[in-house]
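This is what each chain is made of:
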Amino acid sequence: MSIPHLFRCPISLDIFTDPVTLCTGQTYDRQCIERWLADGHRTCPVTMQALGDATALVPNRTLRHLIDRWLSAAATTDQQHLPDSSSDQDPSLAALKRCLQSDDATATAAKIAALEKVMALASESDVGRACMLQLGFLPVLLPLVFRAPTLAPSDRRRAAVAEEELALQCVLGLMPSSAAAPQLNCLNMLKKEAHLASFVRLLERGSGRAKAGLCRLLETVATATATTDLALIVAASPRVWQALLPLLQQHDGPASDPRASEAAVRAIAAVCAAEPARGSAIHHGVVGALFRHLSWWAYGKGGGGAVSSALAAVETEAGRRAVARAPGATRVLVRHVFMMSSSNDGSEHAAAALLSVCRESRAARSEAVGAGVVTQLLLLLQSQCGARAKAKARALLKLLKSR
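It should be emphasised that the depicted structure is a prediction, and the values quoted were computed from it without experimental measurement.

### With respect to the overall build of the chain
Move 1: Helix and strand counts for the chain stand at 21 helices and three strands.
Move 2: The proportion of buried residues among the 403 residues of the chain is 51%.
Move 3: Within the chain, contacts between residues at least 6 apart in sequence are counted, and of these 66% link residues at least 24 apart.
Move 4: Counting only carbon and sulfur atoms, one obtains 52% of the accessible surface of the chain, whose full area is about 19,000 Å².

### Remarks on the packing of helix H8 (residues 193-205) against helix H9 (residues 208-223)
Move 1: The contact between H8 and H9 brings their axes to 8 Å, and the two run at 140°. Taken together, H8 and H9 sit at an angle that is classed as oblique. Contact residues: Phe199, Leu202, Leu203, Glu204 and Arg205 in H8; Lys211, Leu214, Cys215 and Leu218 in H9.
Move 2: Within the contact of H8 with H9, the residues separate by chemical class into six nonpolar, no polar and three charged.

### Describing the sheet that holds strand E1 (residues 19-21)
Move 1: Spatially, E2-E1-E3 is the arrangement adopted by the three strands of the open sheet, whose pairing is antiparallel. Strands with a single pairing partner mark the edges of an open sheet, and in this sheet they are strand E2 (27-29) and strand E3 (58-59).
Move 2: The pairing of E1 with E2 spans three bridges and is antiparallel. Bridge pairing in E2 places Val20 opposite Tyr28.

### Topic: the nonpolar core
Move 1: If you look at the biggest cluster of nonpolar residues, it comprises 119 residues, and the most contacted ones within it are Phe146 and Val286.
Move 2: Sequence-distant contacts of Val286, that is, excluding residues within four places in its chain, are made with Trp241, Leu245, Ile268, Cys272 and Ala281.

### Some remarks on the environment of Ala329
Move 1: If you trace the backbone, Ala329 turns up in helix H17 (residues 329-337).
Move 2: Overall, the relative accessible area of 1% leaves Ala329 in the buried class.
Move 3: Measuring from C-alpha to C-alpha, the distance between Ala329 and Phe291 comes to 6.7 Å, with 38 residues separating the pair along the chain.

### Quick word on the confidence of the model for the chain
Move 1: Averaged over all residues, the pLDDT of the chain is 81; the fraction at 70 or higher stands at 81%.
Move 2: Low pLDDT (under 50) marks residues 83-90, which in the prediction has nine contacts with non-local residues, meaning those over four places away or in another chain.
Move 3: Taken together, the stretch residues 299-305 has pLDDT below 50 and engages in 14 contacts with residues farther than four places along the chain or on a different chain.

### Regarding the pattern of salt bridges
Move 1: All chains considered together, the criterion is met by seven salt bridges.
Move 2: In this structure, Asp18 engages Arg30 in a salt bridge whose closest nitrogen and oxygen atoms are separated by 2.8 Å. Separated by twelve residues along the polypeptide, Asp18 in the segment before E1 and Arg30 in helix H1 (residues 30-38) bring together distant segments of the chain.
Move 3: On the basis of relative accessible area, Arg30 is assigned to the partly exposed category, the value being 22%.
Move 4: Note that Arg147 and Glu163 form a salt bridge whose closest N and O atoms lie 3.0 Å from each other. Linking Arg147 in the loop between helix H6 (137-145) and helix H7 (154-174) with Glu163 in helix H7, this pair joins segments that are 16 residues apart in sequence.
Move 5: When salt bridges that share partners are traced, they join Arg147, Glu163, Glu164 and Arg201 into one network.

### Re the packing of H17 against helix H20 (residues 373-382)
For any two helices packed against each other, the geometry comes down to the angle between their axes and how far apart the axes lie.
Move 1: In the contact formed by H17 and H20, the axes pass within 8 Å of each other and the chain directions differ by 25°. Here H20 runs roughly parallel to H17, going by the angle between their axes. Of the two possible hands of crossing, H17 and H20 adopt the one that is left-handed. Mapping the contact onto sequence places Val334, Arg335 and Val337 in H17 and Val373, Gln376, Leu377 and Leu380 in H20.
Move 2: Along the lines of polarity and charge, the residues of the contact of H17 with H20 split into five nonpolar, one polar and one charged.

### Details of helix H19 (residues 362-370)
Move 1: All of the buried residues in H19 are Ala364, Arg365 and Ala368. Seen from one end, H19 has its buried residues packed into an arc of 100°, which puts them on one side. Every exposed residue of H19 that faces more than 90 degrees away from the buried side is listed here: Arg362, Ala363 and Gly370.
Move 2: Among the residues of H19, the N-terminal cap falls to Ser361, whose side-chain oxygen and the backbone nitrogen of Ala363 are separated by 3.3 Å.
Move 3: Where H19 ends, the next residue or the one after it, Gly372, has phi of about 90°, a positive value.

The rules behind each value
Residues numbered from 1 in each chain as written. Predicted model: local features only at pLDDT ≥ 70, side-chain atom pairs only at ≥ 80, totals over all residues. Heavy atoms only, no water. Helix = DSSP H or I, 4+ residues; strand = E, 2+ residues; numbered from the N terminus. Buried < 20%, exposed > 50% of the residue type's maximum accessible area, 1.4 Å probe, protein only. Contact = heavy atoms within 4.5 Å. Areas by Shrake-Rupley, 256 points an atom, 1.4 Å probe, with all protein chains shown as cover. Axes fitted to C-alpha atoms, helices over the stretch in contact; angles between N-to-C directions. Parallel < 35°, antiparallel > 145°, perpendicular 65-115°, else oblique. Nonpolar A, V, L, I, M, F, W, Y, C, P; charged D, E, K, R; others polar. Pairing = 2+ DSSP bridges. Core = buried A, V, L, I, M, F, W, Y, C linked by side-chain atoms within 4.5 Å. pLDDT = per-residue confidence, 0-100. Salt bridge = Lys/Arg side-chain N within 4 Å of Asp/Glu carboxyl O. Left-handed = near helix turned anticlockwise from the far one by under 90°. Arc of directions from axis to C-beta. Polar contact = N/O pair within 3.5 Å; in protein donor to acceptor, adjacent residues only side chain to side chain.

Okay, here's the thing in structure tokens:
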């Protein structure tokens, strides 16, 4: 069973949580359309009709009622197919939720079994995922991830770690795709010092998969509408950066995990996209760490799946100023202007960062020319890159010609 098309918001593609209708007759989730209008758009996203001053949002109660009825029926159907359920156990979603909410410290095995069922439902069924979101599973799962470390015997501690990491994968499996989703408000539990300390502990000591998952969670925090204040708190935390930046260097060796490294770059780029948080990131040494990551990839020593994100972070104004002070940074950027294995976005960001630095520094222009930037730019112009990348390349060539 899949979610009916009419029950999905045309912007987020997630199931409606608060459907409202515009004057054009099109229905959207309230958070999504309010964000669209707040960004200055005055058209209907689907029909592109001009709205003018007619931006009133009318609650679509009929659709909300139909979705509630459908979710109730779908939940009954889905819970009959929960894996490993038996006739002497209550297989309902409500029972799973009660099990996860239990305060019994000895119920770790039962909770792990419940988490495995949640994970199966979230991965195998859009309907199951939607039902669990509507039933409030996210606020139940998060405290299982971010809690105080246990002083129990070693076997109990291992079980607790397994429970934490499985709960984290469940959280990621249920996470709404829209940054405007109201369910993301539950992430604000990380504002509490104890929970943020648990986040840092997992980021330092967790498995590679857990570290990658935490970075994905941090990327969500940095971009979600409901967690703007939390993003500033995280960006201002030295402990978070002390745990996060070392992940950028995990390219090889027995303990390496490229997934964690690439997820960390994307998380850092998301944090750096917002001006207030960007200053904190620069202050805590993010530019130097990013350039070490870029250097590894530029010279063929590391994974480059997140190179475009790293270059996007460097392109910011504060990042450009730090580039001018970082030894060898200009040469690293030159190598990323045109790379056969790199994305067009990466080339655009590299050219933009070089253009900014070279405008302010004659020494940077000389260093860029000595590193072969002219050849790189000409290759870029002959490639199938986008118009914006080519515009940056032409502007940089013109600047270098006048030096």
